[in-house]
Amino acid sequence: MANDNQMAASKDSRWYMVRTKRGKEVWARSELERIASKVFLPLLGTRRPGEKPKPMFSQCLFAYLDIQRKCIDARYTQGIESIVFFGNELAEMSDVVVQ
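Attention here is on the structure that accompanies the text. (Residues numbered from 1 in each chain as written. Predicted model: local features only at pLDDT ≥ 70, side-chain atom pairs only at ≥ 80, totals over all residues. Heavy atoms only, no water.)

By secondary structure assignment, the location of Gln68 is in helix H3 (residues 67–75). Considering only alpha carbons, one finds Gln68 and Val97, 29 residues apart in sequence, at a separation of 22 Å. (Helix = DSSP H or I, 4+ residues; strand = E, 2+ residues; numbered from the N terminus.)

Looking now at the environment of Pro55. Here Pro55 is to be found in strand E4 (residues 54–55). Distance in space between the C-alpha atoms of Pro55 and Ile80 is 15 Å, their sequence separation being 25 residues.

A large share of strand E5 (residues 60–65) lies buried, amounting to 6 of its 6 residues. Here E5 shows a buried face lined by Cys60, Phe62 and Tyr64 and a second buried face lined by Leu61, Ala63 and Leu65. Where strand E1 (residues 14–20) and E5 come together, 6 bridges link them in antiparallel fashion. For Tyr16, the partnering residue across the bridge sits in E5 and is Ala63. (Buried < 20%, exposed > 50% of the residue type's maximum accessible area, 1.4 Å probe, protein only. Pairing = 2+ DSSP bridges.)

With that out of the way, let us pick up the pattern of salt bridges. When the charged atoms of two side chains lie near each other, side chains of opposite charge can form a pair. In the structure shown here, the tally under the stated rule is 5 salt bridges. With its nearest N and O atoms 3.6 Å apart, the salt bridge here joins Arg14 to Glu92. Placement of Arg14 in strand E1 and of Glu92 in strand E9 (residues 92–93) is noted, with a sequence separation of 78 residues between them. In this structure Arg14 comes out as partly exposed when scored by relative accessible area, which is 34%. Owing to a relative accessible area of 44%, Glu92 belongs among the partly exposed residues under this scheme. In this structure, the salt-bridge partner of Glu31 is Arg34, at a minimum N-O distance of 3.4 Å. Taken together, the shared-partner salt bridges in this structure form one network comprising Arg48, Glu51 and Lys54. (Salt bridge = Lys/Arg side-chain N within 4 Å of Asp/Glu carboxyl O.)

Ranked by size, the top nonpolar core spans 15 residues in total, and within it Val18, Leu32, Ala36, Leu61, Ala63, Leu65 and Ala74 carry the most contacts. Sorting elements by how many residues they give to this core places E5 first, with 3 residues. Not counting residues within four places of it along the chain, the set of residues in contact with Ala74 comprises Leu32, Ile35, Leu65, Ile80 and Ile83. Formed by 9 residues, the second largest nonpolar core is a distinct cluster that contains Trp15, Tyr64, Val84 and Ala91. (Core = buried A, V, L, I, M, F, W, Y, C linked by side-chain atoms within 4.5 Å. Contact = heavy atoms within 4.5 Å.)

Moving on, we come to helix H2 (residues 25–32). Here H2 has its buried residues at Glu25, Ala28, Glu31 and Leu32. An end-on view of H2 places all buried positions within 125° of arc, on one side of the element. At its buried positions, H2 is contacted by E1, strand E2 (38–40), E4, E5, H3 and strand E6 (80–83). (Arc of directions from axis to C-beta.)

Right under this line is the structure:
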């Protein structure tokens, strides 16, 4: 069953690159899932038994949200350092890149 955030995804929602605090990617993902309709943290598997997968990109995950409505909430979510900018523009990612 979809949670309230998944149902609340608006037509204005986009994927954005989010910078996490060092070593807090998994924790930040679970916190950000409370306000974003989707959160994607790419992980790399390991070959060693019992070892946990590691983030593909250090201090980086992707959140699908309506930035006009959720920017402040996302920015002040525990474990989040900032929303990434490329110059003066938010780092908006296409669906194709994230998938």
